[in-house]
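Summary of the model geometry
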Amino acid sequence: MSTAEGQPGPGWQLHVDPTRCIGSGICAGTAPKHFGLVDGLSRPLAERVAPAQAVLDAADSCPMEAILVSEADSRRQIAPEP
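Small disclaimer: the values here were computed from a predicted structure and weren't measured. (Residues numbered from 1 in each chain as written. Predicted model: local features only at pLDDT ≥ 70, side-chain atom pairs only at ≥ 80, totals over all residues. Heavy atoms only, no water.)

**Quick notes on the pairing of strand β1 (residues 12-16)**
Burial analysis of β1 places four of its five residues in the buried class, which makes it a mostly covered element. By the bridge criterion, five bridges tie β1 to strand β5 (residues 67-71) in an arrangement that is antiparallel. The residue of β5 that forms the bridge with Val-16 is Ile-67. (Buried < 20%, exposed > 50% of the residue type's maximum accessible area, 1.4 Å probe, protein only. Helix = DSSP H or I, 4+ residues; strand = E, 2+ residues; numbered from the N terminus. Pairing = 2+ DSSP bridges.)

**A closer look at the nonpolar core**
With 18 residues, the main nonpolar core has Trp-12, Phe-35, Ile-67 and Val-69 as its most contacted residues. Taken together, the elements giving at least two residues each to this core come down to β1, α2 (53-61), β5 and β6 (77-79). Residue contributions to this core peak at four residues, all from α2. (Core = buried A, V, L, I, M, F, W, Y, C linked by side-chain atoms within 4.5 Å.)

**Focus on the side chain of Gln-13**
For Gln-13, the position within the fold is in strand β1. Taking the relative accessible area as the measure of exposure, Gln-13 reaches 17% and is therefore buried. At 3.5 Å, the side chain of Gln-13 and the side chain of Glu-47 are in polar contact. Of the polar contacts made by the side chain of Gln-13, one reaches the side chain of Arg-75; its length is 3.5 Å. (Polar contact = N/O pair within 3.5 Å; in protein donor to acceptor, adjacent residues only side chain to side chain.)

**Let's talk about the state of the cysteines**
A full pass over the atoms with the stated rule returns zero disulfides. Cys-27 carries a free sulfur, and the closest cysteine sulfur to it, the one in Cys-21, is 6.3 Å from it. Taking relative accessible area as the criterion, Cys-27 reaches 8% and is therefore assigned buried. Cys-62 forms no disulfide, and the closest cysteine sulfur to it belongs to Cys-21, at a distance of 6.4 Å. (Disulfide = S-S within 2.5 Å.)

Structure below.
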């Protein structure tokens with residue numbers, strides 16, 4: 001059986017572009033189980049996660065579109081909408 005914590009299997013890959021992130025904290029407030037602020041910038045708490053609406057909401061609410069959510073296996077971008 002595979003898990004979403006960095007092993008093969010279904011799930012989403014999270015990435016925050018540090019050159020775009022302004023540290024607004026909206027993502028951490030929207031999806032605190034998935035994002036946190038480190039040294040004033042957002043970081044995913046895990047690079048690979050189970051699909052969750054809160055992750056999509058965080059990506060969609062980022063004012064700088066710094067959060068990229070993609071399918072872990074295919075790398076197809078899910079959010080923000082391409």
